[in-house]
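# Structural overview for review
Residues per chain are reported as follows:
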Amino acid sequence: MRYISTRGGMTPRSFREILLEGLATDGGLAMPQTYPQYSKASLSRLRKMSYADLAFDILSHYIDDIAPTDLKKLIKKTYTAKVFCSEAITPLKTLEPGLHLLGLSNGPTLAFKDLALQLLGNLFEFVLTSQKGQLNILGATSGDTGSAAEYAMRGKRGIRVFMLSPHGKMSRFQTAQMYSLSDPNIFNIAIKGVFDDCQDMVKQVSHDESFKRRFHIGTVNSINWARVAAQVVYYFKGYFAATKNDSEVVSFAVPTGNFGNVLAGYIARQMGLPIHQLILATNENNVLDEFFKTGIYRPRVSSEVKQTSSPSMDISKASNFERFVFDLVERDTHKLSALWQAVERGGEFNLQGTPYMNRLAESGIVSGTSQHADRLKTIRDIYKKYDVMVDTHTADAIKVGLEHRTPGVPLIFLETAQPVKFAEIIQEVLGREPPCPENCRGLERLPQRMDVMHVDSDAIKDYIENRCQS
Ligand SMILES: *Cc1c(COP(=O)(O)O)cnc(C)c1O
């Protein structure tokens, strides 16, 4: 498998060559040249497989420059009952016949990002060790992504993580989750500022090309191709768990921010998985719902971004969306580049009246928006009706999913976080504490370790330099 850029300016590369990179060399995103195809007959071969075997079958098409025996070992080491708290890895819970919850949040940080990042940590370590390389991951977090990255990279050879977070501004649970890590390769830096200050500091350090090269600075953001590929697997797993034979179709309802989660579903559908609809759910930051309803893509400026009770979906633009539009414009790199030039100048694009609108209708993606009051109502309804607690992001998916339900087609809601991560809201709505899974009990009582620093990117560079010499 070779990878090309959405903007057309990169000579085809292998998986290893794009694994550690962020943007492609021309500013676009890496995409596989083709999608491997699964026929009905090959689906029946996959149906009975364990999660790890299924992951190997699917991912070995995309990762063909790591020896199969090594890749299999890395995947088996990642998707274990110990790390994800069940043999199924992503257990399916049936609410009523034809309505299911696919549990993606049983990993170490209790959110679905673990499913991709845990594999990424093992892939990074393997590739860096074989190349005798080093990587210093620099990131900013308001909670979820940072902890998933730290739990994926803790103890990994050749890798250090420098994670900036706003001092005193994360929830108690998130703070405990990150700051209680004691691995010597994890550096939590609490910044006396807000999340935007942390993000700006990362940008400033990243603009210093010579510093970046000297200290092997990298990121693990959501545009990493391996993360998207790893997420394709749970769509297959969910399909098999909710159906009895390979002539059935299902729909998925997907809570989306950066378009990573739903992109993986779209790719699964392109690979031959019988998906009827992908129901995309956004919160009040509904850039994507707007696009799928009108054909107009209008990213917001950061001051327009609303802080919501499903905070992991609070985005101004959807960083993976370019990959979907690449296919929509039939992989015409000139067209794609022209659209994104408009976006990067602070503008928008409009596909109304173009033939691309027909292709949009064929993509299987429909969309809707869920707001704060909808989340509260959904959490209450689901608890009353099924005795099941869901978090605010999953509630967004359920609300929009039910609006688009097709009679006779099983509907699978992707559960992306555990309610305990948003205990304050659950308490407010249901008047009781959400259960705390075994792997994080007592977390808040563990000693915490972090360095407090001012908003000063030069001081961060010194900090990194000092830690890299020891
Ligand atoms: C990141 C996240 C999402 C959105 O995923 P995208 O890949 O950005 O679409 C949804 N729910 C939770 C809990 C998340 O952490």
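Residues numbered from 1 in each chain as written. Predicted model: local features only at pLDDT ≥ 70, side-chain atom pairs only at ≥ 80, totals over all residues. Heavy atoms only, no water.

### Topic: the layout of surface pockets
- Reported here for the second largest pocket is a volume of approximately 400 Å³.
- Forming the walls of the second largest pocket are 18 residues, and the residues nearest its centre are Lys93, Asn106, Glu415, Gln418 and Pro437.
- Considering every element that reaches the lining of the second largest pocket, the biggest residue donor is strand 4 (residues 99–103), with 3 residues. (1 Å grid on protein atoms, 1.4 Å probe; cavity = no way out; pocket = protein on both sides within 12 Å on 5 of 7 lines; lining within 4 Å. Points joined across faces, edges and corners; volume = space filled by probe spheres on them. Helix = DSSP H or I, 4+ residues; strand = E, 2+ residues; numbered from the N terminus.)

### Structural notes on the sheet that holds strand 4
- Strand order in the open sheet formed by 6 strands is 3-4-14-9-10-13, and the pairing between neighbours is mixed. Each edge of the open sheet is held by one strand with a lone partner, namely strand 3 (92–96) and strand 13 (365–369). Each strand axis lies, on average, 25° off the axis of its neighbour in the sheet, ignoring direction.
- The sheet contact formed by strand 3 and strand 4 spans 4 bridges and is antiparallel. (Pairing = 2+ DSSP bridges. Axes fitted to C-alpha atoms, helices over the stretch in contact; angles between N-to-C directions.)

### Some points on the site of the ligand
- Around the ligand, the structure places 15 residues, and the nearest of them are Lys113, Gly257, Asn258, Asn261 and Thr416.
- Taking Lys113, its side chain carries an N or O atom lying 2.6 Å from an oxygen atom of the ligand.
- Between an oxygen atom of the ligand and a main-chain N or O atom of Asn261, the distance comes to 3.1 Å.
- Relative to its free-state accessible area of 390 Å², the ligand is covered by the protein chains to the extent of 97%.
- Here the shell around the ligand is built from residues that sort into 5 nonpolar, 8 polar and 2 charged. (Near = heavy atom within 4 Å. Polar contact = N/O pair within 3.5 Å; in protein donor to acceptor, adjacent residues only side chain to side chain. Areas by Shrake-Rupley, 256 points an atom, 1.4 Å probe, with all protein chains shown as cover. Nonpolar A, V, L, I, M, F, W, Y, C, P; charged D, E, K, R; others polar.)

### Section: the pairing of strand 9 (residues 250–255)
- The element strand 9 is largely enclosed, with a buried count of 6 among its 6 residues.
- Of the two faces of strand 9, both are covered, the one formed by Val250, Phe252 and Val254 as well as the one formed by Ser251, Ala253 and Pro255.
- Where strand 9 and strand 10 (residues 275–282) come together, 5 bridges link them in parallel fashion. Its bridge partner lying in strand 10, Val254 is registered against Leu280.
- Of the crossover connections in this fold, the one passing from strand 9 over helix 12 (residues 260–270) to the parallel strand 10 is right-handed.
- As paired elements, strand 9 and strand 14 (residues 411–415) share 3 bridges and run parallel to each other. Among the inter-strand pairings, Ser251 is bridged to a residue of strand 14, identified as Leu411. (Buried < 20%, exposed > 50% of the residue type's maximum accessible area, 1.4 Å probe, protein only. Right-handed = clockwise from strand over helix to strand, strands pointing away.)

### Regarding helix 18 (residues 392–403)
- The end-to-end C-alpha separation of helix 18 is 17 Å, in line with the 16 Å expected for 12 residues at 1.5 Å each.
- Counting buried positions along helix 18 gives 10 out of 12 residues, so the element sits mostly inside the fold.
- Within helix 18 the residues assigned to the buried category are Thr392, His393, Thr394, Ala395, Asp396, Ala397, Ile398, Lys399, Val400 and Gly401. (Expected span 1.5 Å × (residues − 1).)

### Side note on the sheet that holds strand 5 (residues 135–140)
- Ordered in space as 8-5-6-7-15, the 5 strands form an open sheet in which the pairing is parallel. At either margin of the open sheet sits one strand with a lone partner, and together these are strand 8 (217–218) and strand 15 (451–453).
- In the sheet, strand 7 (residues 186–191) pairs with strand 15 via 3 bridges, with the strands oriented parallel. Counted as the bridge partner of Ile189 is Asp451 from strand 15.
- The strands that helix 7 (residues 144–153) touches are strand 5, strand 6 (159–166) and strand 7; relative to strand 6, the one it contacts most, it runs at about 160°.
- Docked against the sheet, helix 20 (residues 457–469) engages strand 5, strand 6, strand 7, strand 8 and strand 15, running at close to 150° with respect to strand 6. (Contact = heavy atoms within 4.5 Å.)

### Quick word on the packing of helix 6 (residues 113–130) against helix 11 (residues 225–242)
- Direction vectors running N to C along helix 6 and helix 11 enclose 125°, while the axes themselves pass 9 Å from each other. Comparing the axis directions of helix 6 and helix 11 gives the class oblique. When you trace helix 6 past helix 11, the crossing you get is right-handed. Every residue of helix 11 that contacts helix 6 at Lys113, Leu115, Ala116, Leu117, Leu119, Leu120 and Leu123 is listed here: Ala226, Arg227, Ala230, Gln231 and Tyr234.
- A class-by-class count of the residues in the contact of helix 6 with helix 11 yields 9 nonpolar, 1 polar and 2 charged. (Parallel < 35°, antiparallel > 145°, perpendicular 65-115°, else oblique. Left-handed = near helix turned anticlockwise from the far one by under 90°.)

### Examining the pattern of salt bridges
- Enumeration according to the criterion identifies 23 salt bridges in this entry.
- Residue Asp53 is joined to Lys76 by a salt bridge in which the shortest nitrogen-to-oxygen separation is 3.1 Å. One end of the pair, Asp53, is in helix 3 (residues 51–62); the other, Lys76, is in helix 4 (residues 68–78), and 23 residues separate them in sequence.
- The class for Asp53 is partly exposed, based on a relative accessible area of 26%. (Salt bridge = Lys/Arg side-chain N within 4 Å of Asp/Glu carboxyl O.)

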